Amino acid sequence: SNKVAPPPPPETFGPYTKKGGETNGVIAMIDLLVKDLDKEMQEAEVSEKDAQSDYETMMEDAGNKRAADSTLLTEKEGTKADTEEALETEKGKKAETSKELMGTMK
């Protein structure tokens, strides 16, 4: 008959192996994951501190700009009031001059 012999069984670690090597590998993997997590948490903390610092700087700059804008607005309002006052004075002078002119033309 043409019976073909089955292939040899795959190689193993032998008839009996201790679980110690496998356990050490798992523990090493867990240690590595913990180290990676610690590193990521430190990086996140530094990143958060940088972002907080940037935010505080931005808010301070915005506050300074608001104060400067407010000062500028107050100055411009003062200048406008002075200009309007001067305009009214000039209108008054013009009215007097016009009356004098009318008087001389009679």
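Given the structure is predicted, the values throughout are model-derived calculations rather than measurements.

Novice: I tried to follow the overall build of the protein chain on my own but got confused; where do I start?
Specialist: Assigned secondary structure in the protein chain consists of one helix and zero strands. Residue burial in the protein chain is summarised as follows: out of 106 residues, 0% are buried. For the protein chain, the exposed surface amounts to about 10,500 Å²; the carbon and sulfur share of it is 60%.

Novice: Would you take a moment to explain a nonpolar patch on the surface for this structure?
Specialist: There is a patch of nonpolar side chains on the surface, built from Val-26, Ile-30 and Val-34 and spanning about 240 Å² of accessible area. By secondary structure assignment, the location of Val-26 is in helix α1 (residues 20-105).

Novice: Help me out: how do you make sense of the pattern of salt bridges in this one?
Specialist: If the charged atoms of two oppositely charged side chains come close together, the side chains can form a pair. This model, assessed by the stated rule, comprises five salt bridges. Measuring nitrogen to oxygen at the nearest pair gives 3.8 Å for the salt bridge that ties Lys-91 to Glu-88. Of this pair, Lys-91 and Glu-88 both sit in helix α1, three residues apart, roughly one helical turn.

Rules behind the numbers
- Residues numbered from 1 in each chain as written.
- Predicted model: local features only at pLDDT ≥ 70, side-chain atom pairs only at ≥ 80, totals over all residues.
- Heavy atoms only, no water.
- Helix = DSSP H or I, 4+ residues; strand = E, 2+ residues; numbered from the N terminus.
- Buried < 20%, exposed > 50% of the residue type's maximum accessible area, 1.4 Å probe, protein only.
- Areas by Shrake-Rupley, 256 points an atom, 1.4 Å probe, with all protein chains shown as cover.
- Patch = residues over 30% accessible without salt bridge, like charges linked within 9 Å, V, L, I, M, F, W, Y side chains within 5 Å.
- Salt bridge = Lys/Arg side-chain N within 4 Å of Asp/Glu carboxyl O.

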